[in-house]
Structure formats: structure tokens, C-alpha cells
Amino acid sequence: MNSLIFFCNFCFLPEICTNVSRDVCFVLFIAMASGTALIYDDEMTSYKLLWDDPVCDIEVPERLLASYEQLKHYHLVERCVHVPIREATEEEIMLVHSSEYLEVVKSTQTMNEEELRRVSGNYDAVYFHPNTYRCAKLAVGATLQLIDSVMSGKVLNGMALVRPPGHHSQRNAANGFCVFNNVAIAAQYAKRKYGLQRILIVDWDVHHGQGIQYVFEEDPSVLYYSWHRYEHQKFWPLLRESDYDAVGQGEGKGFNINVPWNKVGMGNSDYLAAFFHVLLPVAFEFAPELILVSSGYDSGIGDPEGQMNATPECFAHLTHFLMQLANGRLCAVLEGGYHLKSLSESVCMTVKTLLGDPLPLISGNMAPCLSAIESIQNVRAAHKPYWKCLMYEEATPLQDLSTKSQQMMEAELIQTSTHPVAEQAVGTANSDEVIKTDRFLESHMKKILFPVPPVKTAAAIVSKADAHLLPILVQVEMEMNAQQLKTLISGVDAELVTEEKALLSLQNMVAVLDKILKKEVCNGIAESPVASVSTTVALKHCIGFGLQRVLCIVVGDMDLELDLDDGKILLINICQKRRSEKTNSKYHISLHWKEDTEIKLVQSVAKALTAVSTPDFGAYAPASQENVLEIKRLRDQLQQEWKMLQCSVKDWISGT
Ligand SMILES: [Zn+2]
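Residues numbered from 1 in each chain as written. Predicted model: local features only at pLDDT ≥ 70, side-chain atom pairs only at ≥ 80, totals over all residues. Heavy atoms only, no water.

1. Focus on the overall build of the protein chain
Helix and strand counts for the protein chain come out as 23 helices and 15 strands. Carbon together with sulfur atoms contributes 52% to the accessible area of the protein chain, which is approximately 26,400 Å² in total. (Helix = DSSP H or I, 4+ residues; strand = E, 2+ residues; numbered from the N terminus. Areas by Shrake-Rupley, 256 points an atom, 1.4 Å probe, with all protein chains shown as cover.)

2. Quick notes on the packing of aromatic side chains
A full pass over the atoms with the stated rule returns 21 aromatic pairs. Arranged with centres 6.1 Å apart and planes meeting at 45°, the rings of Trp 227 and Trp 261 form a pair that is tilted. Taken together, the residues Trp 227 in strand S6 (residues 222-229) and Trp 261 in strand S7 (residues 256-261) connect sequence positions 34 residues apart. Both residues of the pair, Trp 227 and Trp 261, belong to the buried class. Ring-pair connections join several aromatic residues into one group, and the members of that group are Tyr 101, Tyr 123, Phe 128, Tyr 133 and Phe 180. Looking at Arg 163, its charged tip hangs above the ring of Tyr 47, at a distance of 3.9 Å from the centre. (Phe/Tyr/Trp six-rings, centres within 6.5 Å; stacked < 30°, edge-to-face > 60°. Buried < 20%, exposed > 50% of the residue type's maximum accessible area, 1.4 Å probe, protein only. Lys NZ or Arg CZ within 6 Å of the ring centre and 35° of its normal.)

3. A look at the coordination of the zinc ion
Within the protein, Asp 205 (OD), Asp 205 (OD), His 207 (ND1) and Asp 298 (OD) serve as the donor atoms for the zinc ion, at 1.9 to 2.7 Å. Taken together, the four donor atoms coordinating the zinc ion and their angles of 53 to 156° define a geometry best described as irregular. Each donor residue of the zinc ion belongs to the same chain, with the gaps between them written as D-x1-H-x90-D. Here Asp 298 lies in the loop between strand S8 (290-295) and helix H11 (312-322) and Asp 205 lies in the loop between strand S5 (199-203) and helix H9 (210-216), a separation of 93 residues in the sequence. We classify Asp 298 as buried; its relative accessible area is 0%. (Donors = N, O, S within 2.8 Å, 3.2 Å for Na, K, Ca; no water. Tetrahedral: all angles 85-135°; square planar, octahedral: opposite > 155°, others 65-115°.)

4. Describing the environment of Ile 301
Note on placement: Ile 301 falls in the loop between S8 and H11. For the pair Ile 301 and Phe 440, spaced 139 residues apart in sequence, the C-alpha to C-alpha distance is 9.2 Å. Ignoring anything within four residues of it in the chain, the contact list for Ile 301 reads Met 308, Asn 309, Ala 310, Thr 311, Pro 312, Ser 342, Thr 437, Phe 440 and Leu 441. (Contact = heavy atoms within 4.5 Å.)

5. A few points about helix H3 (residues 62-73)
Given a rise of 1.5 Å per residue, 12 residues ought to cover 16 Å, and the 16 Å separating the end C-alpha atoms of H3 matches this to within 8%. Taken as a whole, H3 has its buried residues at Arg 63, Leu 64, Ser 67, Tyr 68, Gln 70 and Leu 71. Viewed end-on, H3 has its buried residues packed into an arc of 160°, placing them on one side of the element. (Expected span 1.5 Å × (residues − 1). Arc of directions from axis to C-beta.)

6. A word on the packing of helix H7 (residues 132-151) against helix H8 (residues 182-194)
A pair of packed helices can be characterised by two numbers: the angle between their axes and the separation between those axes. Following both chains from N to C, one finds H7 and H8 inclined at 40°, their axes separated by 9 Å at the closest point. In terms of their interaxial angle, H7 and H8 are classed as oblique. In the crossing of H7 with H8, the sense of the turn from one axis to the other is right-handed. Along its contact with H7, which presents Ala 136, Ala 139, Val 140, Thr 143, Leu 144, Ile 147, Asp 148 and Met 151, the element H8 presents Asn 182, Ile 185, Ala 186, Tyr 189, Ala 190, Lys 193 and Tyr 194. (Axes fitted to C-alpha atoms, helices over the stretch in contact; angles between N-to-C directions. Parallel < 35°, antiparallel > 145°, perpendicular 65-115°, else oblique. Left-handed = near helix turned anticlockwise from the far one by under 90°.)

7. Regarding unusual backbone geometry
In this structure, the amide linkage connecting Arg 163 to the following residue, Pro 164, adopts the cis form with an omega of -5°. In this structure, Pro 164 sits in the loop between strand S4 (157-160) and H8. Cis peptide bonds are those with omega within 30 degrees of zero, and the linkage from Trp 236 to Pro 237 qualifies with 10°. Not every positive phi belongs to a glycine, and Gln 233 is a case in point at roughly 70°. Position of Gln 233 relative to the elements: it lies in the loop between S6 and S7.

8. Notes on the sheet that holds S7
The eight strands lie next to each other as S3-S2-S4-S9-S8-S5-S6-S7, forming an open sheet whose pairing is parallel. Among the strands making up the open sheet, the edge pair consists of strand S3 (81-82) and S7. Here strand S2 (residues 36-39) runs beside S3; their pairing, made up of two bridges, is parallel. What sits directly across from Leu 38, in S3, is His 82. (Pairing = 2+ DSSP bridges.)

9. Thoughts on the confidence of the model for the protein chain
Confidence in the prediction of the protein chain, expressed as mean pLDDT, is 85, and 83% of residues score 70 or more. In the predicted structure, residues 1-33 sits below a pLDDT of 50 and forms 129 contacts with residues beyond four places in sequence or in another chain. Across residues 415-428 the pLDDT falls below 50, and counting only partners more than four positions away or on other chains, this stretch makes 21 contacts in the model. (pLDDT = per-residue confidence, 0-100.)

Structural data, given as C-alpha cells:
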């Protein structure tokens with residue numbers, strides 16, 4: 001599967017796939033969970049804010065209740081493996097926190113309201129309740145139960161729905177609604193108990209998880225990636241060290257990645273671009289053994305804190321990309337999320353994806369905004385010294401950001417509030433926006449209720465040698481009448497399909513395709529002795545069925561006679577022969593690639609489709625300079641048409 005390494009290192013295919021939201025992807029690598037844990041207990045709703053505090057009043061027990069209700073509504077709860085909750089031990093909590101701080105939190109159990117207010121006031125954006133300590137111990141314990149379930153192989157992945165959240169809390173301090181740092185403790189625990197040497201933490205909450213950064217900034221065994229609303233340090237937690245140039249310290253240099261968002265309104269394409277151009281290349285190079293997601297949904301649409309525009313579908317895609325790493329071992333742990341509907345829909349999309357359901361189409365114009373590109377360029381430049389996948393990066397950090405001057409003007413008008421969280425929360429969400437968001441989420445809910453096909457993978461495999469290696473599939477065979485067959489091969493080189501074996505395989509391939517088109521199966525695999533004819537027939541069949549966008553990836557040298565001008569088919573050909581006579585066009589892209597790796601394609605593709613196991617990429621080998629230059633050449637050529645390929649301001653400007 002070596003060639004896949006290259007796809008991911010340079011993020012070529014995923015960008016285009018997402019960019020066009022293909023209806024059918026012939027070679028789509030989906031990881032299907034062999035089990036997803038869901039860890040939740042009502043008891044974590046047993047604490048709440050007891051007094052008036054506009055900073056803290058958005059962190060409510062209903063956040064958990066609404067999320068769990070929605071999971072039940074979509075029948076996702078019953079599909080998950082239930083893992084009981086437990087309290088974390090003091091020793092486990094002290095993997096990250098000091099004993100002095102633990103004693104402070106413990107002491108809040110018996111406090112009256114006045115005392116609770118006083119101790120809460122010692123920290124930034126924190127409230128305590130007599131049940132806080134118990135719930136915080138359960139939140140850590142739930143997270144550790146999830147780690148144990150995944151590491152023991154009981155499940156492939158899972159989600160812990162917990163309260164209080166954790167990513168802001170520090171060795172000696174509660175912070176930003178967080179008491180104990182659930183995810184940081186989990187990473188230390190996994191290192192100690194299972195001897196892990198590489199853990200990736202992805203923090204997609206809209207706030208910077210500075211607590212996690214502080215714990216691991218000198219530790220090369222934990223790669224921490226966070227994007228966050230930053231606005232030139234004007235957004236809480238208002239820290240200089242949340243910017244892109246905080247790359248880690250000492251041995252940990254390169255293992256702390258901050259993607260600061262300098263304006264609100266970031267959407268699906270901005271988030272995906274940050275994955276494609278920053279996180280995924282580095283993560284594949286890092287090759288984690290376990291992924292922890294600080295899974296905050298205040299980065300989703302409608303949230304009063306984040307004021308971003310990412311839709312619930314986006315979190316399905318983010319989850320899916322991460323599932324391709326660490327052999328699929330992924331633990332998502334709830335952090336923030338304060339718009340109850342948006343939060344609960346996004347939680348559902350995450351769990352649905354962990355279960356291996358097909359991904360929903362992603363909405364919106366797939367073109368990252370200038371400010372997002374600026375941040376991405378800066379992060380790539382800052383991390384160039386530490387990662388081989390960025391070593392050919394040419395762009396340098398930008399001094400003058402497009403958002404800076406506007407920020408300065410606004411800063412003169414508005415004095416920075418002492419309670420920035422509250423100020424932002426009540427900020428700019430006007431009633432029109434609220435209605436728009438609610439409507440959007442309503443229509444989203446209707447859309448994602450599509451039934452999941454009962455069978456994952458159909459197959460029409462001719463050679464017995466391959467068939468016995470495949471996991472359980474539906475074998476498909478179809479008899480066609482003469483007229484159907486004539487229609488099928490009309491216009492293709494009929495001489496190639498006169499052999500009976502070729503005819504049979506062609507019929508079987510169409511049968512598999514029909515099952516996919518009719519949504520009886522999620523995906524399928526068909527073997528064909530005459531690949532060029534099969535491909536042409538399959539594409540014609542899809543268009544005939546009424547699909548508007550079909551992505552076709554051809555690996556190897558193959559000449560196809562297809563009309564690609566109407567934009568219904570995007571053909572990507574990874575080939576050895578350079579196509580000198582035809583230049584690339586928007587819908588016909590040839591990647592000339594020198595790669596001698598042998599791939600057992602049928603087994604590998606079937607394995608990926610049925611996802612009994614996520615293909616292991618093995619040790620990281622950097623791409624040759626020749627291949628990198630080929631990709632860069634293609635990028636330059638195509639980034640005006642496919643804007644998700646842009647990753648520097650120079651690209652962005654040339655594309656406008
Ligand atoms: Zn947050």
C-alpha cells in the first residue's frame with residue numbers, strides 16, 4: 001500500500017474528493033469499526049451553576065442530555081458497545097495535576113454556596129458545585145475506560161460523553177469550565193499502562209486547549225494539534241502561546257501545532273484545508289499508535305462561543321480522516337459545545353462515522369478563505385524544520401495578515417472585557433443568524449436520516465486466489481439479456497469484450513454497481529480482465545443512472561475514450577507514462593509518478609472497503625523529490641480550478 005503513503009503525505013486525492021463531493025467514488029477507503037464504545041452516565045449531569053454568572057452560564061447539564069437524547073433518536077446508542085463508567089483514582093488524576101490542587105477540588109464537596117463562589121473566583125471562567133469533584137472524577141474515569149476498551153481491542157474506537165470538560169485545566173488550576181484534564185491524563189495513562197510511544201491529540205474545540213499544550217510541550221511522544229479562535233490574541237484565553245509559532249520546546253519542538261483562526265466564520269472548507277495541508281501530512285509522518293480527540297463542538301455552526309460555520313457533516317469527515325491513522329484506534333472525548341442542537345447533531349455525526357456508516361455529502365463552496373490560508377501558510381512555515389513532509393515548503397511566515405488592520409481598528413473602539421468569554425458569547429449572533437442556523441440544522445436532520453445499506457461490500461471476484469482472501473461479502477452475479485448487453489457495450493471497443501469471460505465479468509461489475517446505486521450496499525469491488533472497457537462502461541452506467549458527479553481514479557496506464565467536458569466525471573490517472581500529447585484539464589488529471597512498489601490491489605482494496613482492519617502504512621518513507629515536484633507542478637496548474645489545493649497566500653491571490 002506504499003502508493004497510499006504518497007496520497008496522504010501530499011494530500012492530493014482527499015482534497016479533490018472532498019472538493020467535488022462525488023456521488024460515487026470507485027476507490028474509496030472507508031474504515032469500518034469492528035466496534036464503537038459509547039461511555040456516558042447521567043450522573044455527570046448532577047452539577048450546575050448555582051449563582052448568576054454570565055461567563056459560566058452556558059455550561060449546562062443539558063449539553064450531555066441533549067447529545068445523548070439525539071444519539072438515541074438516531075438509534076446510535078443501541079449500535080454502540082456500552083462500557084460502564086468509573087471514578088478515576090487520585091493516582092491517575094495526579095498523572096497531570098498536583099496533589100495540592102487535587103485537595104482544593106476535593107474540599108469543594110462540602111462547601112456552601114458562598115465558599116464555592118470564593119474558590120471559583122480563584123480561577124478563570126470556572127464554577128464549582130458540591131458534585132463537581134465526583135463528576136470530574138467520573139469524567140476522567142470514563143475517558144480512561146475508553147482508552148482501556150480501545151487498547152485491549154474490545155472495540156476499535158469510541159466516544160466518551162463527559163462533563164466537566166478538560167482541555168483548559170492545568171497542573172495547579174481549573175480553567176474555562178475544566179477541572180481535571182481528561183485527555184491529557186488519558187495520554188499519560190496510555191503511555192504508562194500500554195507503553196505507547198506516539199500519541200496524537202487532535203483538539204477541534206474552538207478554544208485553545210492550553211492545558212494540554214502545557215503538559216506536553218517538551219514531550220515528543222505526544223503530538224498536540226489545536227485549531228482555535230484567536231483573533232490576534234483578542235479571544236479567550238488571550239494567550240501569546242496560542243499562536244502558530246508556539247511549536248513546542250526542547251525535545252518537544254515540532255510536536256505542538258497551533259492553527260490560530262484570526263477571524264470568525266470559518267467553515268467546512270477552512271477546517272478541511274487545515275487538515276489537508278497541516279494535520280494529515282504531519283500525522284501520517286508521526287504515525288501515531290493512538291488518537292485522542294479533544295472533541296469540542298463549539299467550533300460548529302450556531303455556537304455562541306465560536307461563531308464559526310462548520311456544519312455537523314464536517315465533523316463526520318474530520319473523524320473519517322483520523323480513522324485512517326493508528327490502525328483506527330481513536331478515542332473522542334467531549335470538550336465544549338454550547339448550541340445544544342448543533343452540539344448534539346455533531347456528536348451524532350462523529351459517532352455515526354466511528355460506527356463505519358457512509359459519510360454524508362459536505363455542503364458549501366469548497367474554497368478556503370484568505371485568512372485561513374494565511375494561518376495555514378504560517379503553520380507550515382513554522383513547522384518546516386521539524387517535518388519531512390514540509391521540507392520542500394517555499395512559503396515563509398507572513399508579517400502583515402489581512403485581518404490585522406481591521407482588528408486594530410476594532411480594538412480601539414472596544415475595550416477588552418475582563419470577561420471575554422461572556423462578551424463573545426452574547427456578542428454578535430443576531431436573530432436572523434439564529435433562525436438561519438436553526439433552519440439549517442432542521443434540514444440537516446432530515447438529510448442524515450437516510451437508511452444505511454444493510455450490506456457493506458458487494459464483490460464480483462473472478463479469480464479464486466483472491467476470493468478466499470476476502471472477508472464476508474455479498475457475491476453478485478447477473479444474467480443479462482442480449483439487448484441489455486448491447487446497450488451496455490455500445491460505443492466501446494466491442495472487439496475487446498467478445499470473450500465470454502470478459503462479458504461475464506462486465507455483467508458482474510454492472511451488477512455490483514447497480515447494488516451501490518440502489519443503495520443496497522455501501523461499496524463494492526469487481527475484477528475485470530479488460531479494465532479500460534469496464535471503466536468506460538461503469539462511468540456511462542453511472543451517468544445514465546442520473547448521477548451528476550462521479551470521481552474515477554485510475555491507477556496505471558490506461559487510455560480511456562471519454563468526454564469529460566461536462567464536468568460530470570472527474571478522472572484522476574496515476575500513471576507511469578507521461579501524457580505529453582494532452583495537458584491536464586480541470587476534469588482530467590494525470591499524475592505522472594515513478595513508483596515501483598508492488599501492490600496486491602484486490603486484497604488491499606477489499607480489506608479497506610470492508611475495513612476489517614485499516615491498512616497499515618508501515619514506517620514513514622519520505623517521497624522522492626521528483627514525485628514531490630510533480631505534485632507541486634500539478635498543484636500550480638490546478639489550484640485555480642480546485643481551490644482546496646491552495647495552501648499559501650501566493651496561491652490564493654493567483655486564484656482570484
Ligand atoms: Zn471550547
